[in-house]
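Fold and contact review
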Amino acid sequence: MSDARDIQPVASGAVPAAIPATRGLAKATAIALVAAAIILVTLVLPAEYGIDPLGTGAATGLIGLSQAQPPPIVASESGPVRPQPADYRVDTRQFTLEPFGGYVEYKYELEPGAAMLYTWSATGVVNFDFHTEPEGLPPSASDSFERGTASEGRGSYVSPYAGIHGWFWQNDEEDVVTVTVTTAGFYTGAKEFRDDGSTEDYPVQTRVLPSQGSSAP
Amino acid sequence: MKNHTSAIVALAACILVAALFPETAAGHGVSPRDANFVQTITGVAIGPFLYLGAKHMVTGYDHLLFLVGVIFFLYRLKDVLLYVSLFTLGHSITLLGGVLGNVPANAHLIDAVIGLSVAYKAFENMGGFERVGVHPNTRAAVMVFGLFHGFGLATKLQELALPQNGLVANIISFNIGVELGQFLALTAILIALTYWRTRIGFLAHAFATNTALMMGGFMLMGYQLTGYFVE
């Protein structure tokens, strides 16, 4: 600023203190412009608008200011909204139980914490037992959570441990009974055990085709 | 040599403060919490609007920078009062007229002109117009830029969608608050300037200080013009 200091002060109210040399004025104005441009491009634009032509916003972390979002709400094991370990699936099966002791077992593979909604109904009264087979443990480790005689049931289930979880249905009556079970949940597979000693693994549906909600009358 | 060093320190300090502007008061709007409060108002609320007006002025770096530029070379209290009155007249007209008349305006463009007003005043203080050989009326300039500063205040209030009930009383309260805040800020600026003027080298540093002020003005312009084109 040596150019500016060569000048003589002028004493008056609102008038500048001095008239600078043209070179000093031009230099100062250019410095102001360039300094403003540098700060703007390297710091302000990245921080305010996410415009980062020189990469300085990324280098200083200022770019994050322009991308700030409200903190996400994370679903937790204890909250009303819980994350689930597996894909959402739906499944419907129908079983025919022969009279005088015919039975079937139908169980889902569930990870610990995996949830399932279910409803089942039978054309007659059956004995049922909702129980588990914990993974890697002997049959004695099985837990029975609900047992009784009924022609229907519905509810929700959250798996306490890995293994297969489901129903035993038995027909003690004298007519053939059909049991229909429908579930939705986060299981990875299903297994059927028949009274003739055979078993069968079922793949379960991963997707449900949407029905046209908007075209409803 | 000592003068030179302290001038550089002063310039560096100005640059630092300028660089922190976007951090400390991004966009210089009304804070979300204050905005939420205003949304809940249904009638006359003189106290809160007085406070909000004063707060807006005291924390409004664009208005403060312009005021620093305006009174930088005003040594007599009579001159300070004259220029500040012109500025007050200008911004009161557009603050009241803009909000009550619901005049539409782009806040970014208005704020860019406010940035220009800072650079303009700094250039004037540097003796730029004298050197270039033009002599724009300094009083008219302060008045006209005052109009833009008031319009800037108006756009911030319009964004809040103020309730019609009690609007006039609330806006006038806000305006009076602005003047109270301006009085407080001016007092602080004047005390600092008056002290500085007693120090050796004030005039030598004046040029550098106004260069820094000009830079701040240019930065505000660039910031707001970018905002206009991006948003």
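Residues numbered from 1 in each chain as written. Chains lettered and ligands numbered in written order. Predicted model: local features only at pLDDT ≥ 70, side-chain atom pairs only at ≥ 80, totals over all residues. Heavy atoms only, no water.

1. Side note on the overall build of chain B
Scanning chain B for helices and strands turns up 10 helices and 0 strands. Within chain B, the fraction of its 231 residues that count as buried is 54%. The long-range share in chain B, meaning contacts at least 24 apart out of those at least 6 apart in sequence, stands at 87%. (Helix = DSSP H or I, 4+ residues; strand = E, 2+ residues; numbered from the N terminus. Buried < 20%, exposed > 50% of the residue type's maximum accessible area, 1.4 Å probe, protein only. Contact = heavy atoms within 4.5 Å.)

2. Things to note about the side chain of Ser159 of chain A
Residues and elements named next belong to chain A. For Ser159, the position within the fold is in the loop between strand S4 (144–158) and strand S5 (163–171). Looking at Ser159, its side chain comes within polar contact range of the main-chain oxygen of Tyr161, at 2.6 Å. At a separation of 3.4 Å, a polar atom in the side chain of Ser159 contacts the side chain of His165. Among all residues touching Ser159, those that are not within four sequence positions of it are Leu110, Glu111, Pro112, Gly113, Ala114 and His165. (Polar contact = N/O pair within 3.5 Å; in protein donor to acceptor, adjacent residues only side chain to side chain.)

3. A short note on the environment of Leu147 of chain B
All names here are of chain B. Tracing the backbone through its elements, the reader meets Leu147 in helix H8 (residues 138–159). What makes Leu147 partly exposed here is its relative accessible area of 26%. Linking Leu147 and Ile93, residues 54 residues apart in sequence, is a C-alpha distance of 6.8 Å. With near-sequence residues (within four places) excluded, Leu147 lies in contact with Gly90, His91, Ile93 and Thr94.

4. A short note on helix H10 (residues 202–230) of chain B
Taking 1.5 Å of rise per residue, 29 residues should cover 42 Å, and H10 of chain B covers 41 Å from first to last C-alpha, within 8% of that figure. In terms of burial, H10 of chain B is a largely internal element, 23 of the 29 residues being buried. (Expected span 1.5 Å × (residues − 1).)

5. Some details on the packing of aromatic side chains
Under the counting rule described, the total for this entry stands at 27 aromatic pairs over all chains. Ring geometry for Trp167 of chain A and Trp169 of chain A: centres 5.4 Å apart, planes at 10°, overall stacked. There is no split in this pair, since Trp167 of chain A and Trp169 of chain A are both buried. Each ring, one from Phe66 of chain B and one from Phe145 of chain B, has its centre 6.1 Å from the other, and the planes form 70°; the classification is edge-to-face. Pair noted here: Phe66 of chain B is in helix H4 (residues 61–71) and Phe145 of chain B is in helix H8, with a separation of 79 residues, a long-range link. Residue Phe66 of chain B shares its accessibility class with Phe145 of chain B, and that shared class is buried. For the cation-ring pair, Arg93 of chain A lies above Tyr202 of chain A, with the distance from its terminal atom to the ring centre recorded as 4.0 Å. The positively charged end of Arg197 of chain B is found above the aromatic ring belonging to Tyr75 of chain B, 4.4 Å away from the centroid. (Phe/Tyr/Trp six-rings, centres within 6.5 Å; stacked < 30°, edge-to-face > 60°. Lys NZ or Arg CZ within 6 Å of the ring centre and 35° of its normal.)

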